[in-house]
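# What the coordinates show
Letter by letter, the chains look like this.
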Amino acid sequence: MANTRPPEVVFWSLRQKFVDSDDDVPEEAQQVMYYSLAIGHHVGMIDCLKTELVCPLAQYQQWLELLPEGEARRKLQGLLIFGEITIDSTHTSLLANALAPLRDTAAEPFNHWSATLVRLMGDIVREPAIYLIVKRKP
């Protein structure tokens, strides 16, 4: 049976620590461990990720057009080029600053999506080991 759903964009977060240890793990090692887990979805670990936001691809493209030209828009447009992007602690200020105005001024659903991503950027600021995986699904 053919898939009749339109293409969509899914934002997943990797929040759970999978290594149970009583030892203190140095920050550098934690970053490597979490990044390894984040890229693990390439080999079938997608079920370990939490779905944060799902939006139709066509509306995702409209949402990006509301962003000002610049690095934040370019980052999120990477999904259209590569089919997948990762958002980590190096992107929080960039994306939160670009999306915050849309949270307050854009129409539905773009204001809700913007608010969701701003909240997720805050989560990453508080716990830099959190990653978002954004993937285009046919």
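Please refer to the structure placed before this passage.
Here the structure is a predicted model, which means the values were calculated and not measured. (Residues numbered from 1 in each chain as written. Predicted model: local features only at pLDDT ≥ 70, side-chain atom pairs only at ≥ 80, totals over all residues. Heavy atoms only, no water.)

## Some remarks on the side chain of Thr92
By the secondary structure assignment, Thr92 is in helix H4 (residues 92–105). If near-sequence neighbours (up to four positions away) are discounted, Thr92 is found in contact with Met121, Ile124 and Val125. (Helix = DSSP H or I, 4+ residues; strand = E, 2+ residues; numbered from the N terminus. Contact = heavy atoms within 4.5 Å.)

## Considering helix H5 (residues 110–126)
Its 17 residues place the ends of H5 24 Å apart at the C-alpha level, agreeing with the 24 Å of an ideal helix rising 1.5 Å per residue. The element H5 is largely enclosed, with a buried count of 12 among its 17 residues. Looking only at H5, the buried set comprises Phe110, Asn111, Trp113, Ser114, Thr116, Leu117, Val118, Leu120, Met121, Gly122, Asp123 and Ile124. Turning to H5, the residues buried within the fold contact strand S1 (8–14), strand S2 (50–56), helix H2 (57–66), strand S3 (84–87), H4 and strand S4 (131–137). (Expected span 1.5 Å × (residues − 1). Buried < 20%, exposed > 50% of the residue type's maximum accessible area, 1.4 Å probe, protein only.)

## Re the nonpolar core
Counting residues in each nonpolar core, the largest one holds 30 residues, and the members touching the most others are Phe11, Tyr60, Trp63 and Ile87. Counting only elements with at least two residues in this core, the list comes to S1, S2, H2, helix H3 (71–82), S3, H4, H5 and S4. Of the residues forming this core, the biggest block, 7 residues, is contributed by H5. Apart from the residues within four sequence positions on either side, Trp63 is in contact with Phe11, Leu53, Leu99, Leu102, Phe110, Trp113, Ser114 and Leu117. (Core = buried A, V, L, I, M, F, W, Y, C linked by side-chain atoms within 4.5 Å.)

## Considering the environment of Leu94
Examined against the element boundaries, Leu94 turns out to sit in helix H4. Taking relative accessible area as the criterion, Leu94 reaches 33% and is therefore assigned partly exposed. Considered as a pair, Leu94 and Lys75 are 19 residues apart in the sequence and their alpha carbons are 9.3 Å apart. Among residues more than four places away in sequence, those in contact with Leu94 are Glu71 and Ala72.

## Brief notes about the packing of aromatic side chains
The description of an aromatic ring pair uses the distance of the two centres, along with the angle that the planes make with each other. Within this structure, the stated rule accounts for 5 aromatic pairs. The interplanar angle of 70° and the centroid separation of 5.4 Å between the aromatic rings of Trp63 and Trp113 together place this pair among those described as edge-to-face. On the criterion of sequence distance, the pair formed by Trp63 in helix H2 and Trp113 in helix H5 is long-range, its members being 50 residues apart. Across the pair, Trp113 and Trp63 agree in class, each one buried. A connected cluster of aromatic rings, assembled from ring pairs, spans Phe11, Tyr60, Trp63, Phe110 and Trp113. (Phe/Tyr/Trp six-rings, centres within 6.5 Å; stacked < 30°, edge-to-face > 60°.)

## Considerations on the pattern of salt bridges
Counted by the stated rule, this structure contains 9 salt bridges. For Arg103, the salt bridge is made with Asp104, and the minimal N-O distance between the two is 3.5 Å. For Asp104, a relative accessible area of 59% puts it in the exposed group. When the shortest N-O distance is used, the salt bridge between Arg126 and Asp123 registers 2.7 Å. Taken as a pair, Arg126 and Asp123 lie in helix H5 at a separation of 3 residues, close to a single helical turn. (Salt bridge = Lys/Arg side-chain N within 4 Å of Asp/Glu carboxyl O.)

## With respect to the packing of H2 against H3
Axis separation between H2 and H3 bottoms out at 10 Å; the angle between their running directions is 160°. Classified by the interaxial angle, the pair formed by H2 and H3 is roughly antiparallel. Every pair of crossing elements has a handedness; the one defined by H2 and H3 is left-handed. Taking contact as the criterion, the partners of Leu57, Tyr60, Gln61, Leu64 and Glu65 in H2 are, on H3, Arg73, Leu76, Gln77, Leu79 and Leu80. By residue class, the composition of the contact of H2 with H3 is 6 nonpolar, 2 polar and 2 charged. (Axes fitted to C-alpha atoms, helices over the stretch in contact; angles between N-to-C directions. Parallel < 35°, antiparallel > 145°, perpendicular 65-115°, else oblique. Left-handed = near helix turned anticlockwise from the far one by under 90°. Nonpolar A, V, L, I, M, F, W, Y, C, P; charged D, E, K, R; others polar.)

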